[in-house]
Amino acid sequence: MSDENIPNHVAIIMDGNGRWAKQRKLPRTAGHREGVKATQEIIKASGEAGVKYLTLFAFSSENWNRPKSEVSALMDLFMRSLKNEVNNLAENGVRLKFLGDTKAFSKKLFQQIQMSEEMTSDNDKLYLNIAVNYGGKWDILEATKKLIQAVQDGKLSVSDIKDTDLDNKLATQDMPAPDLFIRTGGEQRLSNFLLWQLAYAELYFCEALWPDFSPSELNKAFKSFATRQRRFGKTQEQIEE
Ligand code: IPE
Ligand code: IPE
Ligand code: MG
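Within each chain, residues carry numbers counting from 1 in the order of the written sequence. Chains and ligands are labelled by the order in which they are written, letters from A for the one and numbers from 1 for the other. The model is predicted, so local features are restricted to residues of pLDDT at least 70 and side-chain atom pairs to those at 80 or more, both for listing and for counting; the totals for chains, interfaces and linings are taken over all residues. The basis for every side-chain value is the complete set of non-hydrogen atoms in the structure, without hydrogens or water.

Asks: Looking at this structure, how should I read the overall build of the protein?
Replies: On a plain count of helices and strands, the protein comes out with 8 helices and 6 strands. Only runs of H or I of at least four residues qualify as helices and only runs of E of at least two qualify as strands under DSSP, and these elements are numbered from the N terminus. For the protein, the succession of helices and strands along the chain, N to C, is β-α-α-β-α-β-α-β-α-α-β-β-α-α. Radius of gyration here uses only the C-alpha atoms, and the compact-globule reference equals 2.2 Å multiplied by the residue count raised to the power 0.38. On C-alpha atoms alone, the protein measures out to a radius of gyration of 19 Å, which is about the 18 Å that the 2.2 N^0.38 rule sets for 241 residues. Counting only C-alpha atoms and orienting by the principal axes, one finds that the protein spans roughly 55 × 45 × 35 Å. The contact criterion used is simple: two residues touch if any of their non-hydrogen atoms lie within 4.5 Å. Taking the intrachain contacts of the protein between residues at least 6 apart in sequence as the baseline, contacts between residues at least 24 apart amount to 75%. Here, Shrake-Rupley sampling with a 1.4 Å probe gives the accessible areas, and only protein chains in the shown set may cover a residue. Taken as a whole, the protein presents about 13,200 Å² of accessible surface, with 48% of it coming from carbon and sulfur. Think of it this way: Lys and Arg go in the positive column, Asp and Glu in the negative one, and His and the chain ends go nowhere. By convention, charge coordinates are those of NZ in Lys, CZ in Arg, CG in Asp, or CD in Glu. A gap of 7 Å separates the mean positions of the 33 positive and 33 negative side-chain charges of the protein.

Asks: When you look at the site of ligand 1 in this model, what are you seeing that I'm missing?
Replies: Met14, Asp15, Gly16, Asn17, Gly18, Arg19, Arg28, His32, Ala58, Asn63, Arg66 and Leu74 make up every residue found near ligand 1. We call two N or O atoms a polar contact when they sit within 3.5 Å, provided that within protein one can donate a hydrogen and the other can accept it, with sequence-adjacent residues counted only if both atoms are side-chain atoms. Between Arg19 and ligand 1, the recorded distance is 2.7 Å, taken from a side-chain N or O atom to an oxygen atom. Within the side chain of Arg28, an N or O atom sits 2.9 Å from an oxygen atom of ligand 1. Here ligand 1 loses 87% of its free accessible area of 380 Å² to cover by the protein chains. Whether a residue is near a molecule or strand is decided by its heavy atoms; if any one of them lies within 4 Å of it, the residue is near.

Asks: Is there a simple way to explain the side chain of Ser116 in this structure?
Replies: Its place among the elements puts Ser116 in helix α4 (residues 107–119). Burial classification: accessible surface area is computed with a 1.4 Å probe over protein chains only, and a residue below 20% of its type maximum counts as buried, one above 50% as exposed, and the rest as partly exposed. Judged by relative accessible area, which is 0%, Ser116 ranks as buried. Contacts of Ser116, omitting those with residues within four sequence positions, involve Leu82, Val86, Leu96 and Phe98.

Asks: Any chance you could explain the environment of Phe181 here in plain terms?
Replies: Positionally, Phe181 belongs in strand β5 (residues 180–183). On the basis of relative accessibility, which here comes to 0%, the residue Phe181 falls in the buried class. Residues Phe181 and Ala11, spaced 170 residues apart in sequence, show a C-alpha to C-alpha distance of 4.8 Å.

Asks: I tried to follow helix α3 (residues 68–91) on my own but got confused; where do I start?
Replies: An α-helix turns once every 3.6 residues. As a result, residues three or four positions apart point the same way. A rise of 1.5 Å per residue sets the reference length of α3, with its 24 residues, at 34 Å; its end C-alpha atoms lie 35 Å apart and thus fit the reference within 8%. Along its length, α3 shows its largest kink, about 45°, at Glu85. Listed as buried for α3 are Glu70, Val71, Leu74, Met75, Leu77, Phe78, Met79, Ser81, Leu82, Val86, Leu89 and Ala90. Against α2 (28–49), β2 (53–60), β3 (94–99), α4 and β4 (126–134) lie the buried residues of α3. Directly beyond the C-terminal end of α3, a positive phi value near 75° is found at Gly93. An expected span of 1.5 Å times one less than the residue number is assigned to each helix. By definition, a residue's bend is the angle between the axes fitted to the seven residues ending there and the seven starting there.

Asks: Please clarify how the packing of aromatic side chains should be interpreted in this entry.
Replies: The description of an aromatic ring pair rests on the distance of the ring centres and on the angle between the ring planes. Under the pairing criterion, centres of Phe, Tyr and Trp rings, with the six-membered ring standing for Trp, must be within 6.5 Å; the plane angle then separates stacked pairs below 30 degrees from edge-to-face pairs above 60, leaving the rest tilted. Counting across every chain of the model gives 12 aromatic pairs. Aromatic pair Phe59 and Trp64: ring centres 5.0 Å apart, planes at 80°, arrangement edge-to-face. Overall, Phe59 belongs to the buried group, its relative accessible area being 1%. What makes Trp64 partly exposed here is its relative accessible area of 33%. Taken together, a centroid distance of 5.0 Å and an interplanar angle of 50° make the contact between Tyr200 and Phe232 tilted.

Asks: Looking at this structure, how should I read the nonpolar core?
Replies: Note on soluble globular proteins: their nonpolar side chains tend to be buried together. Grouped together as the largest cluster of nonpolar side chains are 40 residues, with contacts concentrated most on Ile12, Leu54, Leu56, Leu128, Ile182 and Phe213. Element by element, the count of residues in this core is highest for α3, at 7 residues. Setting aside its immediate chain neighbours within four residues, Phe213 contacts Ala38, Ile42, Ile182, Thr184, Cys206, Ala208 and Leu218. The next biggest cluster of nonpolar side chains, apart from the first, holds 12 residues, and it includes Ala11, Leu99, Ala171 and Phe181. Here the nonpolar core consists of buried residues drawn from Ala, Val, Leu, Ile, Met, Phe, Trp, Tyr and Cys, with membership extended through side-chain atoms lying within 4.5 Å.

Asks: What is the right way to read the sheet that holds β2 from this model?
Replies: At least two bridges found by DSSP between two strands are what make those strands a pair. Across the sheet, 6 strands lie side by side as β3-β4-β2-β1-β5-β6; this open sheet has parallel pairing. If you trace the sheet from one side to the other, it starts and ends with β3 and β6 (202–205), each paired once. Neighbour to neighbour, the strand axes of the sheet diverge by 20° on average, direction disregarded. Every axis in this analysis is a line fitted to C-alpha atoms, fitted for helices over the stretch in contact. Angles between the N-to-C directions lie between 0 and 180 degrees.

Structural data, given as structure tokens:
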């Protein structure tokens, strides 16, 4: 596939770990562990394919409502995966950034998150965003509060506010919007992921459960993306001109 057909920014809802485990009569946490392996492979494959920005939804602001035991197993798994992987990511030119309200996590996890961001802050081969305790509504609300503050401080007037001003206050500030959105696990919904940022993304839903989402499944998504004509409101003729 030629480079121009590879999406610059890919955003993924990594869904289906629980069902993967259930099919095998394993506890849901076994599915999450297997999901981490798929995540590692997809990060590597995305970088190799020429993706520049990869945003992965790992834990939503609504996922706190799961059974306590699953939430704490997920927190342990984040901590361990981050500790194990950060050196490898750093050596491979990956810049890590966490999107979401990370202050809600334990002090230890919060510190690990900050350290991982700092350790990789000079890298620029692949910008890897992990959305944790993230919600699209939260993101827009926080950005709105910042805009209101700027107005109150006299730095911005209400009549001058443009959509790019809000862009620049979101967790994804300075990044281009996602070109391709992928959701594994068969569900066709956004589940409060990047609501503002996905305004013009191409949507791709697949049945594969996240632990089964291999680089060849990713390639299928890229192939589908390559067939899409992105019109951004214009006509087909205008685009083909
Ligand atoms: C996605 O898999 C991982 C997280 C939300 C943390 P799920 O755990 O939602 O898996 P299913 O949807 O129950 O199969
Ligand atoms: C979305 O998956 C969140 C993540 C993958 C992190 P969910 O499994 O939580 O979504 P719903 O509840 O089925 O919409
Ligand atoms: Mg799910």
